[in-house]
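Here is how the chains run, residue by residue.
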Amino acid sequence: MSVIIPGMNLDHERVEIQPKSDHDGIIERWKRKDMDNLLELHNKTPVWNDDTQSYVLNFHGRVTQASVKNFQIVHDNDVDYIVMQFGRISEDVFTMDYNYPMCAVQAFGIALSSFDSKLACE
């Protein structure tokens, strides 16, 4: 998963993105590799666990059930800093945590969108 959000200025304020045409939106800029004032984040790559014979992520106790919907979002420059994590804690209950530079609305939108592409996976 790739996540593109507006970047932050030196005062830690979100940079305003105002497309000037249909070809100047965030997705179009990302496709052109025009990442000025944009931040590209990715899901963290899980590591192989010999004990469970599976790929795992460390949610530090915040996620208690395995699910294809569980994920962590990081920046490539620091994969140990979890910008966002989302995961299952019971059959129909999930938890979401987010950190700077993401805001609650962005994190909630990403969490909601994660259900769309995985409805038939479980």
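Residues numbered from 1 in each chain as written. Predicted model: local features only at pLDDT ≥ 70, side-chain atom pairs only at ≥ 80, totals over all residues. Heavy atoms only, no water.

Colleague: Hey, could you run me through the overall build of the chain in this one?
Modeller: From N to C terminus, the chain includes two helices and seven strands. Seen through its C-alpha atoms, the chain measures out along the principal axes to roughly 50 × 30 × 25 Å. Every one of the 122 residues in the chain was classed for burial, and the buried ones make up 31%. A separation of at least 24 residues holds for 48% of the contacts in the chain among residues at least 6 apart in sequence. For the chain, the computed accessible surface area is about 8300 Å², with 52% contributed by carbon and sulfur atoms. Distance between charge centres in the chain, computed from 11 positive and 19 negative side chains, equals 3 Å. (Helix = DSSP H or I, 4+ residues; strand = E, 2+ residues; numbered from the N terminus. Buried < 20%, exposed > 50% of the residue type's maximum accessible area, 1.4 Å probe, protein only. Contact = heavy atoms within 4.5 Å. Areas by Shrake-Rupley, 256 points an atom, 1.4 Å probe, with all protein chains shown as cover. Lys, Arg positive; Asp, Glu negative; His and termini not counted. Charge placed at Lys NZ, Arg CZ, Asp CG, Glu CD.)

Colleague: Help me understand the pattern of salt bridges, please; the structure alone is not making it clear to me.
Modeller: If the charged atoms of two oppositely charged side chains come close together, the side chains can form a pair. In total, this model carries four salt bridges according to the counting rule given. A salt bridge links Arg32 to Asp24, with the nearest nitrogen and oxygen atoms 3.8 Å apart. A salt bridge links Asp34 to Arg29, with the shortest nitrogen-to-oxygen separation between them at 3.9 Å. On the basis of relative accessibility, which here comes to 10%, the residue Arg29 falls in the buried class. (Salt bridge = Lys/Arg side-chain N within 4 Å of Asp/Glu carboxyl O.)

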